[in-house]
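A look at the structure
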Amino acid sequence: MKFFRISILLILSLTCISCAQKKAAVSFEAMNTFMTMQAYGKNCSQSLELAKNRILEIEKHISTTDSESDLYKLNLNSANGNSNNVPINPDLQLLTIYSLNISQQTQGAFNPALYPITKAWGFTTGNYQVPDQNLITQLLPLTDCSKIQLEWDAINLEPGMEMDFGALGKGYAGDQALSLLRENGITSALIDLGGNIQTLGSKPDGSDWNIGIKNPWDGTSAIAALKVCNKAIITSGGYERFFTASDGKQYIHIFDGTTGYPVNNGTSSVTIVTESGLYGDALSTALFVMGKEKAIEFWKEKRDFEFIIFTDSKDMIYTKGLEDKIHIIGNINSSAVIQ
Ligand code: AMP
Ligand code: MG
C-alpha cells in the first residue's frame, strides 16, 4: 500500500514537471543600454543565446562609437571630407533605406542624419553643452538626409554628414531577436531592450502580458499598464536622457531637425504599440518630434499602429484600439481617446 502511494505521488510530480514550461532568461549590455530577455519552452536557453548574439552582431554594424563598426567607418570617412562610397553590410543598408522612407513619411520629423547636431550638444560623449548658434547654423545643412545616396552595396554621404540609428536600432534588433526565437520554435517570450518591450505570443499560460508604461514625469514609476500579446510597446521620452544647462533649462536627446535644438513642444512621452519593433521605434521618435496635434493627424492618416501621448500638462491621449487594454495607474490631469 505504502509503495502504491509513493508511486502515485511520483507520477503526479513528474506530470507537473512536464506541464510547467521550461523558462530561461538572459541579461546583458548592448547598444548603450541594459537588455533582458525571457523565453519559455523547449530550447529556450539556446534560442536566447542565438538572439543575444544577433543583437550583438547588429550593434557591431550600426554602433556610432565602436571604431570597428561599419557605421563608424562610414561616418569617419565622411567626417574626413571624403564622399567616396563605402561598402556596407545588409543591416546598415536596410536601416538606411528604412530611415529615409520614414523620414519622408514623417516630413522630416524623423531624420537619421542629425548626428553632427547631437554631437555638438554633447549627447554622444556626455560632455553636454549648449552650442553657439553659429555652429548650429553651420551644421544644419549637413543634416539634409535627402543628400544621402544609396548604391547597390554602398552608401554615399556628402563630406561632413554623419548618420545615427539610435532612434530605431533597438526596435530592429528586437524584431531580429524575436524572429530567431520564433524560428527555433519558441512561442512565448518577452524582451526588454532598454525600455523597448517586445512580446512573442502570450504568456505561457495563454493570458496577455501586462506591460507597464513609465511615468514620464519621474522616469521610474508606472503611469499605466497595457495588456497585450504579440506586440512591440516602444516609448520615447525626454526623461530617458537630458541635461540641465547653466541657463537652468533642461535639454533632451530628441532633436528638431529644422532648428538643431532639442524638442521642446510640450510632449512628455510617446508610446507606440505595433507588431513591428522597427516601425514602433521609428514612430515613437518621429511622433515625439511632431508633438500632439501633428501626431494625431499622422495617426488619422495611417491608422496602422496605436499610440499614447503624455503631455507636459499631464494630459493623456490614446487611440481607440487601446481602450480595452489600458489601465491608468498614476496621476494625470485628463485622458481622452482619439477615434
Ligand atoms: P528614441 O529614444 O528611440 O526616441 O531615440 C532617440 C535617439 O535618436 C537620440 O538619442 C538620437 O541618437 C536620435 N535622434 C534624436 N533626434 C532624432 C530625430 N529627430 N530623428 C531621428 N533620430 C533622432
Ligand atoms: Mg525610437
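Use the structure listed above.
Residues numbered from 1 in each chain as written. Chains lettered and ligands numbered in written order. Predicted model: local features only at pLDDT ≥ 70, side-chain atom pairs only at ≥ 80, totals over all residues. Heavy atoms only, no water.

1. Observations concerning the coordination of the magnesium ion (ligand 2)
Here the magnesium ion (ligand 2) is held by the protein donor atoms Ala167 (O), Asp281 (O), Asp281 (OD) and Thr285 (OG1), which lie 2.2 to 2.4 Å from it. Read N to C, the donor residues that coordinate the magnesium ion (ligand 2) are spaced as A-x113-D-x3-T. Of this pair, Ala167 sits in the loop between β5 (154–156) and α7 (169–183) while Asp281 is found in helix α8 (residues 277–290), placing the two residues 114 residues apart along the sequence. As far as burial versus exposure is concerned, Ala167 and Asp281 are alike and both buried. (Donors = N, O, S within 2.8 Å, 3.2 Å for Na, K, Ca; no water. Helix = DSSP H or I, 4+ residues; strand = E, 2+ residues; numbered from the N terminus. Buried < 20%, exposed > 50% of the residue type's maximum accessible area, 1.4 Å probe, protein only.)

2. Points about the sheet that holds strand β6 (residues 188–193)
Spatially, β1-β2-β6-β7-β10-β15-β16-β17-β19 is the arrangement adopted by the 9 strands of the open sheet, whose pairing is mixed. Of all the strands in the sheet, just β1 (23–30) and β19 (334–338) have a single pairing partner and so form its edges. This sheet shows a mean twist of 10 degrees between the axes of neighbouring strands, independent of strand direction. When strand β7 (residues 196–200) meets strand β10 (residues 232–237), the two strands line up antiparallel, connected through 2 bridges. When the sheet's bridge partners are listed, Gln198 is paired in β10 with Ala232. Strands in contact with helix α2 (residues 44–62) are β1, β2 (33–40) and β6; relative to β1, the strand with the most contacts, it is inclined by about 15 degrees. Helix α9 (residues 292–302) contacts β15 (267–274), β16 (306–311), β17 (315–319) and β19 of the sheet and is inclined by roughly 170 degrees relative to β16. (Pairing = 2+ DSSP bridges. Axes fitted to C-alpha atoms, helices over the stretch in contact; angles between N-to-C directions. Contact = heavy atoms within 4.5 Å.)

3. Thoughts on the pattern of salt bridges
For the structure shown, the criterion picks out 7 salt bridges. Residue Glu275 is joined to Lys231 by a salt bridge in which the shortest nitrogen-to-oxygen separation is 2.9 Å. Residue Glu275 is located in the loop between β15 and α8, and its partner Lys231 is located in the loop between β9 (222–228) and β10; the two are separated by 44 residues in the primary sequence. When its relative accessible area of 24% is taken as the criterion, Lys231 is described as partly exposed. (Salt bridge = Lys/Arg side-chain N within 4 Å of Asp/Glu carboxyl O.)

4. Considering the site of ligand 1
With respect to spatial proximity, 15 residues lie near ligand 1, and among them Asn111, Asp164, Ser236, Phe255 and Thr285 are the closest. For ligand 1, an oxygen atom lies 2.6 Å from a polar atom in the side chain of Ser236. Here His253 contributes a side-chain N or O atom positioned 3.2 Å from an oxygen atom of ligand 1. Here ligand 1, which alone exposes 500 Å², has 91% of that area covered by the protein. Looking at which element gives the most residues to the shell around ligand 1, the answer is α8, with 3 residues. Class assignment of the residues belonging to the shell around ligand 1 gives a composition of 7 nonpolar, 5 polar and 3 charged. (Near = heavy atom within 4 Å. Polar contact = N/O pair within 3.5 Å; in protein donor to acceptor, adjacent residues only side chain to side chain. Areas by Shrake-Rupley, 256 points an atom, 1.4 Å probe, with all protein chains shown as cover. Nonpolar A, V, L, I, M, F, W, Y, C, P; charged D, E, K, R; others polar.)

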